[in-house]
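# Architecture and fold: a report
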Amino acid sequence: QVQVVESGGGLVQPGGSLTLSCAASGITFSSYGMSWYRQAPGLERELVAAISSSGGSTNYADSVKGRFTISRDNGKDTVFLQMNSLKPEDTAVYYCKADRWLGGRYYTRWGQGTQVTVSS
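Note that the coordinates shown come from a computational prediction; the quantities given were computed from them, not determined experimentally.

### Observations concerning the packing of aromatic side chains
Counted according to the given criterion, the structure contains three aromatic pairs. Taken together, a centroid distance of 6.5 Å and an interplanar angle of 80° make the contact between Y95 and W110 edge-to-face. With a gap of 15 residues between them, Y95 in strand β9 (residues 92-102) and W110 in strand β10 (residues 105-110) connect regions that are remote in the sequence. Relative accessible area serves as the criterion here: at 13%, Y95 is assigned to the buried category. Seen from their ring centres, W101 and Y106 are 5.2 Å apart, and the 45° between their planes marks the pair as tilted. On the basis of relative accessible area, W101 is assigned to the exposed category, the value being 62%. Aromatic rings pair up to connect Y37, Y95 and W110 into one cluster.

Set out below in structure tokens:
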């Protein structure tokens, strides 16, 4: 059974830091690209950061560049999102996604999300 499970969300003050984790099981983790998305109330889900299957390539939304860092540990089947200098506008539910192309088919799995609230 494929599972993608986020953890590490919570309440943090503006300017603070938080690290999200996403653990995957039931997949060959090192073959999947991993990404973090977020969705704030009333807004569409947006890509925050993505990392290639090997970890050699990353990309970020302009709004988080220089503040957030995505990384992965293929030995532990886990991807991380280090979030620094958090702002109230970073408040959202953060989702982890695993995806890959194989044999002409696209495979994707989403986690259930973890709430991040930035507030004083």
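Let's pick the thread back up.
### Looking at the environment of N84
Along the polypeptide, N84 turns up in the loop between β8 (78-83) and β9. In this structure N84 comes out as partly exposed when scored by relative accessible area, which is 29%. Sequence separation between N84 and R67 is 17 residues, and the spatial gap between their C-alpha atoms is 5.1 Å. Engagement of the side chain of N84 in a polar contact is seen with the side chain of Q82, the distance being 2.7 Å.

### So, the pattern of salt bridges
Going through the model one piece at a time under the given rule, you end up with five salt bridges. Salt-bridge contacts for R38 lead to E46; the nearest nitrogen and oxygen are separated by 2.7 Å. Classification of R38 as buried rests on a relative accessible area of 6%. With a relative accessible area of 34%, E46 lands in the partly exposed category. The salt bridge partner of D90 is R38, with a shortest N-O separation of 2.9 Å. Note that D90 is positioned in the loop between β8 and β9 and R38 in strand β4 (residues 33-39), a separation of 52 residues in sequence. Note on D90: relative accessible area 1%, which makes it buried.

### Overview of the nonpolar core
Ranked by internal contacts, the top residues of the largest apolar core, which has 28 residues, are M34, W36, V79, L81, M83 and Y94. Of all the secondary structure elements, the ones that give two or more residues to this core are β3 (18-25), β4, β5 (46-51), β7 (68-73), β8, β9 and β11 (114-118).

### Details of the environment of P14
Mapped onto the fold, P14 is located in the loop between β2 (10-12) and β3. Given a relative accessible area of 41%, P14 falls into the partly exposed group. On a C-alpha basis, the gap between P14 and K65 in space is 17 Å, while along the polypeptide they are 51 residues apart. With near-sequence residues (within four places) excluded, P14 lies in contact with L86, P88, V118, S119 and S120.

### Section: the environment of L86
The residue L86 is located in the loop between β8 and β9 in this model. Spatially, the C-alpha atom of L86 lies 7.6 Å from that of Q13, the residues being 73 residues apart in sequence. Among residues more than four places away in sequence, those in contact with L86 are V12, P14, G15, G16, S17, L18, R67, F68 and V118.

Cut-off values and rules
Residues numbered from 1 in each chain as written. Predicted model: local features only at pLDDT ≥ 70, side-chain atom pairs only at ≥ 80, totals over all residues. Heavy atoms only, no water. Phe/Tyr/Trp six-rings, centres within 6.5 Å; stacked < 30°, edge-to-face > 60°. Helix = DSSP H or I, 4+ residues; strand = E, 2+ residues; numbered from the N terminus. Buried < 20%, exposed > 50% of the residue type's maximum accessible area, 1.4 Å probe, protein only. Polar contact = N/O pair within 3.5 Å; in protein donor to acceptor, adjacent residues only side chain to side chain. Salt bridge = Lys/Arg side-chain N within 4 Å of Asp/Glu carboxyl O. Core = buried A, V, L, I, M, F, W, Y, C linked by side-chain atoms within 4.5 Å. Contact = heavy atoms within 4.5 Å.

Bear in mind that shape data such as this cannot, by itself, settle questions of function.
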